[in-house]
Amino acid sequence: QVHLVESGGGLVQPGGSLRLSCVSSGSTSRGDSIYWYRQTPGKQREFVAGLVIGGNQYYADFVKGRFTVSTDNAKNTLYLQMNSLKPEDTAVYYCNLRQGGQQYWGQGTQVTVSS
């Protein structure tokens, strides 16, 4: 079974930056998709950004121009570079892999944006 592990979260001041990583225990191939979601207590989990391997990247409107996704395919790793962070970006960030008709989720990593 595929396991996903996120890392890179932490405490940062407004306007600061963080880079999140998501490592998959298994290989990926063209057509698989890897996404970042986030969730705040009392809120529904929401899509942030992601990509289809061999295809396009996608971004939620509220992060366009601030966040960037990238991959290291040899290491089965997805990155989320977060710049110009705002307090409303505070959430637990989750990695989601969709592969072979299955979905896999990581344990999440906490991002807190506060002065």
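The rules behind each value
- Residues numbered from 1 in each chain as written.
- Predicted model: local features only at pLDDT ≥ 70, side-chain atom pairs only at ≥ 80, totals over all residues.
- Heavy atoms only, no water.
- Buried < 20%, exposed > 50% of the residue type's maximum accessible area, 1.4 Å probe, protein only.
- Helix = DSSP H or I, 4+ residues; strand = E, 2+ residues; numbered from the N terminus.
- Pairing = 2+ DSSP bridges.
- Axes fitted to C-alpha atoms, helices over the stretch in contact; angles between N-to-C directions.
- Contact = heavy atoms within 4.5 Å.
- Polar contact = N/O pair within 3.5 Å; in protein donor to acceptor, adjacent residues only side chain to side chain.
- Core = buried A, V, L, I, M, F, W, Y, C linked by side-chain atoms within 4.5 Å.
- Salt bridge = Lys/Arg side-chain N within 4 Å of Asp/Glu carboxyl O.

1. Considering the pairing of strand β11 (residues 109–113)
The side-chain alternation of β11 yields one buried face, formed by Thr109, Val111 and Val113, and one unburied face, formed by Gln110 and Thr112. Here 3 bridges tie strand β2 (residues 10–12) to β11, and the two strands are oriented parallel to one another. Bridge pairing in β11 places Val12 opposite Val113. Where strand β9 (residues 91–99) meets β11, 3 bridges bridge the pair, whose relative direction is antiparallel. By the bridge assignment, Val92 is partnered in β11 with Gln110.

2. Quick look at the sheet that holds strand β1 (residues 4–7)
The strand order across the open sheet built from 4 strands is β1-β3-β8-β7, with neighbouring strands paired in antiparallel fashion. Each end of this open sheet is capped by a strand with a single partner; those strands are β1 and β7 (67–72). Adjacent strand axes in the sheet meet at a mean angle of 15°, parallel and antiparallel pairs treated alike. Sheet topology places β7 next to strand β8 (residues 77–82); 6 bridges connect them, and they run antiparallel.

3. Let's talk about the environment of His3
With respect to the helices and strands, His3 occurs in the segment before β1. Linking His3 and Gln107, residues 104 residues apart in sequence, is a C-alpha distance of 9.5 Å. Contact partners of His3, with chain neighbours within four places excluded, come to Val23, Ser24 and Ser25. A distance of 3.2 Å separates the side chain of His3 from the backbone oxygen of Gln1, its partner in a polar contact.

4. Things to note about the nonpolar core
With 27 residues, the main nonpolar core has Trp36, Val48, Phe67, Leu78, Leu80, Met82 and Tyr93 as its most contacted residues. Among the elements of the structure, β3 (18–24), β4 (33–39), β5 (46–52), β7, β8, β9 and β11 are those that each provide at least two residues to this core. Of the residues forming this core, the biggest block, 4 residues, is contributed by β9. Residues within four places of Phe67 in sequence aside, it is in contact with Arg38, Val48, Tyr59, Leu80, Gln81, Met82, Asn83, Leu85, Asp89 and Tyr93.

5. Side note on the pattern of salt bridges
Applying the stated criterion across every chain yields a total of 4 salt bridges. Between Arg38 and Asp89 there is a salt bridge, with its nearest N and O atoms 2.9 Å apart. Here Arg38 is found in strand β4, whereas its partner Asp89 is found in the loop between β8 and β9, with 51 residues between them in sequence. Taken as a pair, Arg38 and Asp89 share a single burial class, namely buried. Between Arg66 and Asp89 there is a salt bridge whose closest N-O contact spans 2.8 Å. Note that Arg66 is positioned in the loop between β6 (57–59) and β7 and Asp89 in the loop between β8 and β9, a separation of 23 residues in sequence. Overall, Asp89 belongs to the buried group, its relative accessible area being 0%. One salt-bridge network, in which partners are shared between bridges, spans Arg38, Glu46, Arg66 and Asp89.

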